[in-house]
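Residue strings, one per chain:
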Amino acid sequence: MDCTYMAGVRCVGTAVCQKRKCMKVSLILTCFNEVENIGALMSDVLKQGQIPDEMVIVDAGSQDGTLTVLREFEPKFLEKGSLLTLHVATGASIAHGRNLAIEIARHEVLAVTDAGCHLDPNWLAKITAPILCGDADLVGGFFLPVAKSRFQRVLASLTTANAPGRAFFPSSRSVAFRKSTWERAGRYPEWLKWGEDTYFNTQCLTAGARYCVAADAIVHWEVRRTWGQVFKQFRRYAFGDGLARRFTPSLAAAPAVYGVALIGLLAGYPAVMVVVPLLGIGWVLRKPGIPLKDGLYAVGLAVTIQAARAVGYVVGRLSSTDVAKAEQE
């Protein structure tokens, strides 16, 4: 497996099997009311080429039978020589649940995924290899979308890539790190309800973690199914960015387009009101995987996403980080 550092350094995990004998891995997960998905994920874990030495799951108080399904897997993990630990923390946020799971975990090397994901058979081996080799402290695995409808296919083409780019940052649906790195980074921020993984990754790098991208450590996850779900997802992400005072250039895309159009109108060039939006539409349709017949879908989704991000970021930016942190103390 190849692993590419952000600085361009490459490492090959040739010594993983030898070091694997003396370094154990904990897989952690948080969940809440995931009865429809959790069984498939647990089966994926047991089918891994490298079974985790333990799996720690923190459930936020599921009422739909999730815990019943999870308990059925306890003897199956024992048969594989692994330990499955379940802990219920009713009402726990994602960040608090992850921190609790990491506190419970017994091993230094940690891998993290999310309920609702499907794991490639060698995902765990590939995402932990750079750490087990001693070449990284934080590893970002990749994730590919599952799209079952026309709406989802357009959304996936619009918002996801086929491979990690140079500025790729991991999601906690596919990431691995050292427990000591988590401690140095100040743990997952429990004052952030959304976007906690991006903040945590940034803190890891600030703390000096060596970051590596394992492009072939892949999980699959189903993208949102409805307009409302898309708006809520991106509004929440942007709210987390605003609350964390984290600004990215993409957040300025829509305001810039509308601003230029408005300035053109006020300056006596009404044609700008047409030309600038058309350029924006052309940018959307240039995305690979979006046929012309789905252009309206794509443009509508792009507008929805940008509107959600604008609303979420402004509300988050106007919120007090001190209040958010105090609520968790």
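These figures come from a predicted structure and were not determined experimentally. Throughout, residues of each chain are indexed from 1 in the direction in which the sequence is written. Local features in this predicted model are restricted to residues of pLDDT 70 or higher, and side-chain atom pairs are both shown and tallied only at a pLDDT of 80 or more, whereas totals for entire chains, interfaces and linings draw on every residue. Side-chain calculation: all heavy atoms of the structure are included, whereas hydrogens and water are not.

Thoughts on the overall build of the protein chain
What counts is decided by this rule: Secondary structure elements are taken from DSSP: a helix is a run of H or I of four residues or more, a strand is a run of E of two residues or more, and numbering for both begins at the N terminus. Classification of residues uses two cut-offs on accessible area relative to the type maximum, computed with a 1.4 Å probe and protein chains only: under 20% is buried, over 50% is exposed, and between them is partly exposed. Each accessible area is a Shrake-Rupley result for a 1.4 Å probe, and residues are judged covered by the shown protein chains and nothing else.
Along the protein chain, the regular secondary structure elements total 14 helices and 10 strands. The proportion of buried residues among the 329 residues of the protein chain is 46%. As displayed, the protein chain has an accessible area near 15900 Å², and 58% of this comes from carbon and sulfur atoms.

Things to note about the confidence of the model for the protein chain
As a reminder, the rule being used: Here pLDDT means the predictor's own confidence in every residue, given as a number from 0 to 100. Note on contacts: a residue pair qualifies if any of its non-hydrogen atoms lie within 4.5 Å across the two residues.
Averaged over the protein chain, the pLDDT score is 83; the fraction of residues at 70 or greater is 78%. This model gives residues 1-17 a pLDDT under 50, and the stretch forms 39 contacts once residues within four places in sequence are excluded. Across residues 323-329 the pLDDT falls below 50, and counting only partners more than four positions away or on other chains, this stretch makes 5 contacts in the model.

Section: the packing of aromatic side chains
Using the following cut-off: Stacked, edge-to-face and tilted are the three classes for Phe, Tyr and Trp ring pairs, Trp counted by its six-membered ring, which pair at centre distances within 6.5 Å; planes under 30 degrees apart are stacked, over 60 edge-to-face, the rest tilted.
Summed over the entire model, instances satisfying the criterion amount to 11 aromatic pairs. Ring centres of F151 and W227 lie 5.2 Å apart, and the angle between their planes is 65°; this geometry places the pair in the edge-to-face category. Of this pair, F151 sits in helix α7 (residues 150-159) while W227 sits in helix α10 (residues 227-243), and the two are 76 residues apart along the sequence. For F151, a relative accessible area of 7% gives the class buried. Between Y188 and F200 the ring centres are 4.2 Å apart and the planes differ by 20°, which places this aromatic pair in the stacked class. Placement of Y188 in the loop between α8 (179-184) and α9 (196-206) and of F200 in helix α9 is noted, with a sequence separation of 12 residues between them. Each member of the pair, Y188 together with F200, is buried.

Details of the packing of α10 against helix α13 (residues 295-318)
Two numbers describe a pair of packed helices, the interaxial angle and the distance between the axes. Selection criterion: The axes are straight lines fitted to the C-alpha atoms, using for helices just the contacting stretch, and the angles between their N-to-C directions are given from 0 to 180°. Crossing handedness follows the turn of the near helix against the far one: under a right angle anticlockwise gives a left-handed crossing, and clockwise gives a right-handed one. Any residue that is not Ala, Val, Leu, Ile, Met, Phe, Trp, Tyr, Cys, Pro, Asp, Glu, Lys or Arg is counted as polar, Gly included; the first ten are nonpolar and the last four charged.
α13 packs onto α10 with a crossing angle of 35° between their chain directions and a minimal axis gap of 7 Å. Handedness of the α10/α13 crossing: right-handed. Classifying every residue of the contact of α10 with α13 by side-chain character gives 15 nonpolar, 5 polar and 4 charged.

Here we look at the side chain of E34
The topology assignment puts E34 in the loop between β3 (25-31) and α2 (38-46). If we ignore the near neighbours within four places in the chain, the residues touching E34 are D64, T66, A115 and G116.

A look at the packing of α7 against α13
The criterion, for reference: Any angle between 65 and 115 degrees counts as roughly perpendicular, while under 35 counts as roughly parallel, over 145 as roughly antiparallel, and the rest as oblique.
Interhelical geometry of α7 versus α13 gives an angle of 60° and a closest axis separation of 10 Å. By the angle between their axes, α7 is oblique relative to α13. Regarding α7 and α13, the two cross each other, and that crossing is right-handed. Between α7, through R150, F151, V154, L155, L158 and T159, and α13, the contact on the second element is made entirely by Y297, A298, L301, A302 and I305. Partitioned by chemical class, the residues of the contact of α7 with α13 number 9 nonpolar, 1 polar and 1 charged.

Concerning the pairing of strand β4 (residues 54-59)
For clarity, the threshold we go by: In short, DSSP must find at least two bridges between two strands for them to pair.
Burial of β4 is extensive: 6 of the 6 residues sit out of reach of the surface. Where burial is concerned, the two faces of β4 agree: the one with E54, V56 and V58 and the one with M55, I57 and D59 are both buried. In the sheet, β4 pairs with strand β5 (residues 83-88) via 6 bridges, with the strands oriented parallel. Its bridge partner lying in β5, I57 is registered against L86.

Focus on unusual backbone geometry
Phi at N33 takes a positive value of approximately 50°, unusual for a residue other than glycine. Its identity as a non-glycine residue notwithstanding, R187 has a phi of 70°, on the positive side. Mapped onto the elements, R187 comes out in the loop between α8 and α9.

Looking at a nonpolar patch on the surface
Worth spelling out the cut-off: Residues enter patches when their relative accessible area tops 30% and they take part in no salt bridge; the joining distance is 9 Å for like charges and 5 Å for the nonpolar side chains Val, Leu, Ile, Met, Phe, Trp and Tyr. Should a side-chain nitrogen of Lys or Arg be within 4 Å of a carboxyl oxygen of Asp or Glu, the pair is scored as a salt bridge.
Residues F231, V311 and V315 make up a contiguous nonpolar surface patch of roughly 220 Å² in combined accessible area. Relative to the elements of secondary structure, V315 occurs in helix α13.

Examining the pattern of salt bridges
Within the structure shown, the criterion is met by 9 salt bridges. Here E196 and R98 are joined by a salt bridge, their closest N and O atoms 2.7 Å apart. On the criterion of sequence distance, the pair formed by E196 in helix α9 and R98 in helix α5 (residues 94-104) is long-range, its members being 98 residues apart. By the burial criterion, E196 is buried, and R98 matches it. Here D216 ties to K126 by a salt bridge, and the two come within 4.0 Å at their closest N and O atoms. Note that D216 is positioned in strand β10 (residues 211-222) and K126 in helix α6 (residues 123-132), a separation of 90 residues in sequence. Residue classification places K126 among the partly exposed positions, given a relative accessible area of 27%. When salt bridges that share partners are traced, they join R98, D114 and E196 into one network.

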